[in-house]
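One-letter residues, chain by chain:
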Amino acid sequence: MAEEPDAEFLPGFTGRSVAVAVIDSGVHPGHDHIHRGRLGPGAMFLPDGALVEGDEAWLDRLGHGTAVTAAIQEKAPDATLLPARVFRDGLKASPAALIAAMRWAIARRVDLINLSLGTLNPAHRDAFAAVVDDAVAAGVVVVAAREANGEACYPGALEQVIGVEVDW
């Protein structure tokens, strides 16, 4: 009989050899809770989906992406995290930026795409479904917010995505 995991999240698993794209507001590599040596190359995506590369491009000025990155690093300290900045002036991004960031992550052969975000607009469902299908075909797991205020959130509400909900 297999042992049940203890209270520690996946004991013995550290994220070694796992690459995670964190699509959010970027990351502040100098923050006390960030292990800079575990950050891979990052990028920023403009509202039209245009790519901007360079260290300053993915520097977090909002804090959300840094907090998400720190949480992932706490649970998977040996994973390599690639920051993809889609939030620039506030916690709002276009579907084109999100989809471009997801395609960028797939092209970099990450193992997992983390989106602590999504859209409530069902008009974007099919566009997200197409990029999620590409991710699945490439062997990439997508984790995203499933709902917000009781409404379906895309891409997290899609069947092929591991949808997560806030746990206060």
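Here, the structure is the one placed above.
Residues numbered from 1 in each chain as written. Predicted model: local features only at pLDDT ≥ 70, side-chain atom pairs only at ≥ 80, totals over all residues. Heavy atoms only, no water.

## Regarding helix 1 (residues 64-75)
We count it as follows: Where helices and strands are cited, they refer to DSSP runs of H or I of at least four residues and of E of at least two residues respectively, numbered from the N terminus. To estimate how far a helix should extend, the number of its residues minus one is multiplied by 1.5 Å. A 1.4 Å probe rolled over the protein chains alone gives each residue an accessible area, and that area as a share of the maximum for its type sets the label: buried under 20%, exposed over 50%, partly exposed in between. Note on contacts: a residue pair qualifies if any of its non-hydrogen atoms lie within 4.5 Å across the two residues.
Between its first and last C-alpha atoms helix 1 spans 17 Å; for 12 residues at 1.5 Å apiece the expected length is 16 Å, and the two agree. Burial in helix 1 covers these residues: Gly-65, Thr-66, Val-68, Thr-69, Ala-70, Ile-72 and Gln-73. Against strand 1 (19-24), strand 4 (80-85) and strand 5 (112-115) lie the buried residues of helix 1.

## Quick look at the sheet that holds strand 3 (residues 51-53)
Which entries qualify depends on this criterion: Strands pair, by our definition, only if DSSP identifies at least two bridges between them. Every axis corresponds to a line fitted to the C-alpha atoms, with the helix fit spanning only the stretch in contact, and the corresponding angles, defined between N-to-C directions, vary from 0 to 180 degrees.
On the basis of which strands lie adjacent, the open sheet formed by seven strands has the order 3-2-4-1-5-6-9 and mixed pairing. At either end of the open sheet lies a strand with only one pairing partner, and these are strand 3 and strand 9 (162-164). On average, each strand axis in the sheet is tilted by 20 degrees relative to the strand beside it, whichever way the strands run. Bridge count for strand 5 against strand 6 (residues 141-145) is four bridges, and the pairing is parallel. By the bridge assignment, Leu-112 is partnered in strand 6 with Val-141. Across the sheet, helix 1 lies against strand 1, strand 4 and strand 5, angled at about 155 degrees from strand 1, the strand it touches most.

## Quick look at unusual backbone geometry
For the bond from Tyr-154 to Pro-155, the omega torsion is 15 degrees, close enough to zero to count as cis. With respect to the helices, strands and loops of the structure, Pro-155 is situated in the loop between strand 8 (151-152) and strand 9. Backbone geometry places Arg-109, a non-glycine residue, at a positive phi of 60 degrees. By secondary structure assignment, the location of Arg-109 is in the loop between helix 2 (95-107) and strand 5.

## Remarks on the nonpolar core
To keep things clear, this is the line we draw: Side-chain atoms within 4.5 Å are what join buried Ala, Val, Leu, Ile, Met, Phe, Trp, Tyr and Cys residues into a set we call a nonpolar core.
Core analysis: the largest hydrophobic core is formed by 33 residues, its most contacted members being Ile-23, Phe-45, Met-102, Ile-113 and Leu-115. Those elements that provide at least two residues to this core are strand 1, strand 2 (43-45), strand 4, helix 2, strand 5, helix 3 (125-137) and strand 6. Take this core: its biggest share by element is nine residues, from helix 2. When neighbours within four sequence positions are excluded, Phe-45 is seen to be in contact with Ala-50, Leu-51, Ala-84, Arg-85, Val-86, Ala-97, Ala-100, Ala-101 and Trp-104. Formed by 12 residues, the second largest nonpolar core is a distinct cluster that contains Val-22, Leu-39, Val-68 and Ala-79.

## As for a nonpolar patch on the surface
The test is simple: Residues with no salt bridge and a relative accessible area higher than 30% make up the patches, which join like charges within 9 Å and nonpolar side chains (Val, Leu, Ile, Met, Phe, Trp, Tyr) within 5 Å. In this description, accessible areas are obtained by the Shrake-Rupley approach with a 1.4 Å probe, and a residue is regarded as covered only by the protein chains that are shown. By definition, a salt bridge exists where a carboxyl oxygen of Asp or Glu is found within 4 Å of a side-chain nitrogen of Lys or Arg.
Residues Val-141, Ile-162 and Val-164 make up a contiguous nonpolar surface patch of roughly 220 Å² in combined accessible area. In this structure Ile-162 comes out as partly exposed when scored by relative accessible area, which is 46%.

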